[in-house]
Amino acid sequence: MPELPEVNALVEFLDREITGAVVAGIELASFAVLKTFDPPVAALSGLSITGVSRHGKFIDIDVDGIHVVIHLAKAGWLRWSDDLPDTRLKLGASNIAARIRLDRGDGPTIGFDLTEAGTRKGLAMYVVRDPAEVQGVAALGPDPLGAGFELRPLLARRMQVKRLLRDQKIVAGVGNAYSDEILHAAKLSPFAIAETLTDAEIVRLEASVQDILRAAVQEARSKPVEDLKDDKRTRMQVHGRAGEACPVCGDAVLEVVYADSSLQYCPTCQTGGKPLKDRSTSKFLK
């Protein structure tokens with residue numbers, strides 16, 4: 001799933017490329033992708049894009065005061081083109097869910113396709129007058145890279161720290177991959193209970209949130225958009241690397257598998273050498 005660093009890179013790219021362009025048309029190849037009906041997508045044609053911004057993992061394209069808000073979900077992506085084909089999308093004919101055509105007035109039609117792999121569909125596009133009309137945006141917690149962000153007050157909850165970091169209503173933009181990386185850097189068990197963390201553990205966690213995300217943002221913005229997903233995988237220390245050696249201590253990275261996700265961690269670095277069991281049978285480890 002694209003998380004804060006990748007979405008931030010996409011937003012910065014789009015802001016450079018499409019601000020000032022005119023919407024030439026929006027084509028839908030999936031009825032499910034569009035979650036709103038008023039304003040209609042047809043109302044965007046002929047309007048100019050005034051900027052692109054980010055809310056957590058949401059992309060917000062401002063089109064003369066009407067907002068196209070996109071959430072890529074688990075398997076969605078944005079495929080850019082400097083010269084979109086003239087052929088129209090066919091309903092359900094490929095993994096393309098929507099196409100946005102843009103005119104910069106200086107050459108071929110540019111734009112992008114919204115794609116989604118797999119059979120589980122979560123990719124979403126909203127056309128709204130205010131981004132806060134999108135429930136997911138309105139419910140977002142503070143952005144960890146935003147001015148004045150404080151993690152410590154958010155930790156006063158009796159919940160696993162891994163789950164807290166992933167909860168978009170508490171911290172916006174962090175997902176499964178970067179929460180694994182943050183906890184590895186902070187030397188904390190993903191099962192640790194947030195409200196029981198010591199001062200020293202909180203200091204490490206606060207530093208790791210900033211260090212991991214800021215480094216990832218810098219790395220992502222230096223890559224072509226088509227390379228962002230693959231580049232993210234190469235930068236992971238523990239996430240997605242079960243069975244491989246931890247780059248810090250050399251111990252084998254282990255994982256806990258759930259019905260629809262998994263987490264990876266280093267037992268030596270994070271859990272005092274103790275392997276974690278699945279959620280239903282394990283005790284919470286600090």
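Here goes a summary of the coordinates provided. Bear in mind the structure is a predicted one, so any value in this text is a computation, not a measurement. Every residue gets a number counted from 1 within its own chain, in the order that chain's sequence is written. Since the coordinates come from a predicted model, pLDDT governs what is reported: local features require at least 70, and pairs of side-chain atoms require 80 or more to be given and counted, while whole-chain, interface and lining totals use all residues. The side-chain quantities take in all heavy atoms of the structure and omit both hydrogens and water.

A word on the packing of helix H1 (residues 4–18) against helix H5 (residues 199–221)
How two helices sit against one another is set out by the angle between their axes and by the gap between those axes. Between the N-to-C directions of two axes lies an angle of 0 to 180 degrees, each axis being a line fitted to C-alpha atoms and, for a helix, fitted only over the stretch in contact. A run of H or I in DSSP becomes a helix once it reaches four residues, and a run of E becomes a strand once it reaches two; helices and strands are each numbered from the N terminus. One way to put it is that H1 packs onto H5 with a least axis distance of 8 Å and a crossing angle of 40 degrees. The orientation of H1 with respect to H5, classified from their angle, is oblique. Where H1 crosses over H5, the two elements pack in a sense that is right-handed. Residues Leu 4, Pro 5, Asn 8, Ala 9 and Glu 12 of H1 touch H5, and the partners they reach there are Leu 213, Ala 216, Val 217, Ala 220 and Arg 221. Polar here means any residue outside two lists: the nonpolar Ala, Val, Leu, Ile, Met, Phe, Trp, Tyr, Cys and Pro, and the charged Asp, Glu, Lys and Arg; Gly therefore counts as polar. The residue inventory of the contact of H1 with H5, partitioned by class, reads 7 nonpolar, 1 polar and 2 charged. An angle below 35 degrees is read as roughly parallel, one above 145 as roughly antiparallel, one from 65 to 115 as roughly perpendicular, and any other as oblique. Crossing handedness: left-handed means the near helix sits turned counterclockwise from the far one by under a right angle, and right-handed means the same turn made clockwise. Contact between two residues is taken to exist if any of their heavy atoms lie within 4.5 Å; hydrogens are not considered.

Considerations on the sheet that holds strand S5 (residues 76–81)
Sheet strands associate in pairs through backbone hydrogen bonding, adopting either a parallel or an antiparallel arrangement. DSSP calls a pair of strands paired once it identifies at least 2 bridges connecting them. With antiparallel pairing, the 4 strands of this open sheet are ordered in space as S1-S6-S7-S5. Each of the sheet's edge strands pairs with one partner strand only, and the pair in question is strand S1 (22–28) and S5. Direction aside, neighbouring strands of the sheet carry axes that sit 15 degrees apart on average. Bridge count for S1 against strand S6 (residues 96–103) is 6 bridges, and the pairing is antiparallel. Bridged to Ile 26 within S6 is Ile 100. Contacts from H1 reach S5, S6 and strand S7 (110–116) within the one sheet, and its direction differs from that of S5 by about 30 degrees.

Describing empty space enclosed by the protein
Cavity and pocket criteria rest on a 1 Å grid covering protein atoms alone: a 1.4 Å probe that fits but cannot get out defines a cavity, protein on both sides within 12 Å along at least 5 of 7 lines defines an open pocket, and an atom within 4 Å of a point defines a lining residue. Grid points are joined across faces, edges and corners, and a volume is the space filled by probe spheres set on the points. Enumeration according to the criterion identifies 1 cavity of 30 Å³ or more in this entry. Lining the largest cavity are Ile 18, Val 23, Ile 49, Ile 61, Val 63, Val 68, Ile 100, Leu 102 and Phe 112. Mapped onto the lining of the largest cavity, the elements with two or more residues apiece are strand S3 (58–63) and S6.

Some words on the packing of aromatic side chains
Between the rings of Phe, Tyr and Trp (Trp by its six-membered ring), a pair exists once the centres lie within 6.5 Å; its type follows the angle of the planes, with under 30 degrees stacked, over 60 edge-to-face, and the other angles tilted. In total, this model carries 1 aromatic pair according to the counting rule given. With a centroid separation of 5.2 Å and an interplanar angle of 85 degrees, the aromatic rings of Phe 13 and Trp 80 are classed as edge-to-face. In this pair, Phe 13 is assigned in helix H1 and Trp 80 in strand S5, connecting sequence segments 67 residues apart. We call a residue buried when its accessible area falls under 20% of the maximum for its residue type, exposed when it is over 50%, and partly exposed in between, using a 1.4 Å probe and counting protein chains only. Taking relative accessible area as the criterion, Phe 13 reaches 13% and is therefore assigned buried.

Notes on the sheet that holds S3
An order of S2-S3-S4-S8 is seen for the 4 strands of this open sheet, with the pairing classed as antiparallel. The open sheet terminates on both sides in strands that have one partner only, identified here as strand S2 (49–55) and strand S8 (124–128). Geometrically, the sheet is characterised by an average inter-axis angle of 20 degrees between neighbouring strands, direction not taken into account. Most of the contacts of H1 go to S2, to which it runs at about 175 degrees, and overall it touches S2 and S3.

Some points on the pattern of salt bridges
Only one rule defines a salt bridge in this text: a Lys or Arg side-chain nitrogen within 4 Å of an Asp or Glu carboxyl oxygen. Within the structure shown, the criterion is met by 19 salt bridges. Of the charged contacts, one joins Asp 231 and Lys 223 as a salt bridge, the two residues approaching to 3.9 Å between their closest N and O atoms. According to the relative accessible area criterion, Asp 231 is buried, its value standing at 11%. The residue Arg 233 makes a salt bridge to Asp 230 at a minimum N-O spacing of 2.5 Å. Of this pair, Arg 233 and Asp 230 both sit in helix H6 (residues 228–235), 3 residues apart, roughly one helical turn. Connected through shared salt-bridge partners, Glu 3, Glu 6, Glu 219, Lys 223, Asp 231, Lys 232 and Arg 235 make up one network.

Brief notes about H6
Taken as a whole, H6 has its buried residues at Leu 228, Asp 231, Lys 232 and Arg 235. Mapping the buried residues of H6 onto a view down its axis gives an arc of 105 degrees, with all of them on the same face. H6 presents Arg 233 and Thr 234 as exposed residues on the side facing more than 90 degrees away from its buried surface. Next to the buried residues of H6 lie H1, S5, helix H4 (176–186) and H5. Taking the helix axis as origin, the arc is that swept by the directions to the C-beta atoms.

Description of the environment of Ala 156
Within the fold, Ala 156 resides in the loop between helix H2 (135–138) and helix H3 (161–166). Residues Ala 156 and Arg 54, 102 residues apart in the sequence, show an inter-C-alpha distance of 27 Å.

Description of the packing of H4 against H5
The contact between H4 and H5 brings their axes to 8 Å, and the two run at 130 degrees. Considering their axes alone, H4 and H5 lie oblique with respect to each other. Here H4 and H5 pass one another in a crossing that is right-handed. Counting all contacts with H4, which are made through Tyr 178, Glu 181, Ile 182, Leu 183, Ala 185 and Ala 186, the residues of H5 involved are Arg 204, Leu 205, Ser 208, Val 209, Ile 212, Leu 213 and Ala 216. For the contact of H4 with H5, a count of residues per class yields 10 nonpolar, 1 polar and 2 charged.

Some details on the layout of surface pockets
What the largest pocket holds in volume is close to 850 Å³. Mapped onto the lining of the largest pocket, the elements with two or more residues apiece are H4 and H6. The greatest single-element share of the lining of the largest pocket, amounting to 3 residues, is contributed by H6. A breakdown of the residues in the lining of the largest pocket according to their chemical character gives 7 nonpolar, 8 polar and 13 charged.

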